[in-house]
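# Structural overview
Listed below are the residues making up each chain.
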Amino acid sequence: MLIFSKARLVVLSVPKTGTTAIEQALAGHASIAVLDPPELKHAPVYRYNRFFRPMVEKFIGPDMEIIAVMREPLSWLGSWYRYRQRPFLAGTPVSTAEMSFADFIEGYLQDPCPAFANVGSQAKFLEPRPNGTSVDRIFRYEALDECVTYLEDRLNLKIALPRVNVSPDAALSLPDSLKTRLADSCAEDFALWNSLA
């Protein structure tokens, strides 16, 4: 998460959406850069609202714009699956090294889901709070250049994104029946994604 006091801007960091690259490019320009631990770096709207918003409103002001990046839901899950195939996770409960993408999605659809598929939901991450705290602008990961252009204009600087945190290649094919089940189960994610067109 990045907070820019002069620009009155908050950039939330949805996991697996290129925001680590944005943070690396802009952390030095931010008033507050929350880069660790992951639970704070990737604070969803509800956590921002509870822990960060009161501080920000007290010391910066109440009229902050909140932005975020969202990835197409199937692609987002594919990125998690590929990320968790990395060798340093081998032998841990979150490793996906010995399974297919279909196995990962089957796990994701279980309730409760196993550790390797417990990655949450982008729609839940971005869900508005009852007090009105919400994301003002959501950019598509697949058009990340639009977010970069917006940030360049808003912050009045040129941004060159580094290529970081890139997951290894892996096959991401799914049977149609499983795609349908995923679309039904994750209807809120797909609806939010489609609303960004």
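Everything here concerns the structure above.
Residues numbered from 1 in each chain as written. Predicted model: local features only at pLDDT ≥ 70, side-chain atom pairs only at ≥ 80, totals over all residues. Heavy atoms only, no water.

### Points about the pattern of salt bridges
Let me state the cut-off plainly: Here, a salt bridge means any Lys or Arg side-chain nitrogen found within 4 Å of an Asp or Glu carboxyl oxygen. Each helix is a run of DSSP H or I of at least 4 residues and each strand a run of E of at least 2, with the numbering of both proceeding from the N terminus. With a 1.4 Å probe rolled over the protein chains alone, any residue whose accessible area is under 20% of its type maximum counts as buried; one over 50% counts as exposed, and the rest are partly exposed.
By the definition in use, this model includes nine salt bridges. Across the salt bridge formed by Arg-181 and Glu-106, the nearest N and O atoms sit 3.0 Å from each other. Taken as a pair, Arg-181 in helix H8 (residues 176–185) and Glu-106 in helix H5 (residues 101–108) lie far apart in primary sequence, 75 residues in all. A relative accessible area of 40% means that Arg-181 is categorised as partly exposed. On the basis of relative accessible area, Glu-106 is assigned to the partly exposed category, the value being 33%. Shared partners join several salt bridges into a network, and the residues in it are Glu-65, Arg-137 and Arg-154.

### As for the sheet that holds strand E3 (residues 32–33)
Selection rule: Two strands qualify as a pair provided that DSSP identifies no fewer than 2 bridges between them.
Spatial strand order, E3-E1-E2-E4-E5: five strands in an open sheet with mixed pairing. Two strands bound the open sheet, and with one partner strand each, they are E3 and strand E5 (137–140). Relative to strand E4 (residues 65–70), strand E2 (residues 9–11) is paired through three bridges, and the arrangement is parallel. What sits directly across from Leu-9, in E4, is Glu-65.

### Section: unusual backbone geometry
With an omega dihedral of -5 degrees, the bond running from Asp-36 to Pro-37 counts as a cis peptide bond. Note on placement: Pro-37 falls in the loop between E3 and helix H2 (38–41). In this structure, Pro-112 follows Asp-111 across a cis peptide bond, with omega equal to 0 degrees. Positive phi, normally seen in glycine, also occurs at Arg-8, with a value near 55 degrees. Take Arg-8: it is sitting in the loop between strand E1 (2–4) and E2. With relative accessibility at 25%, the residue Arg-8 sits in the partly exposed group. The backbone of Lys-16 sits at a positive phi, close to 65 degrees, despite the residue not being glycine.

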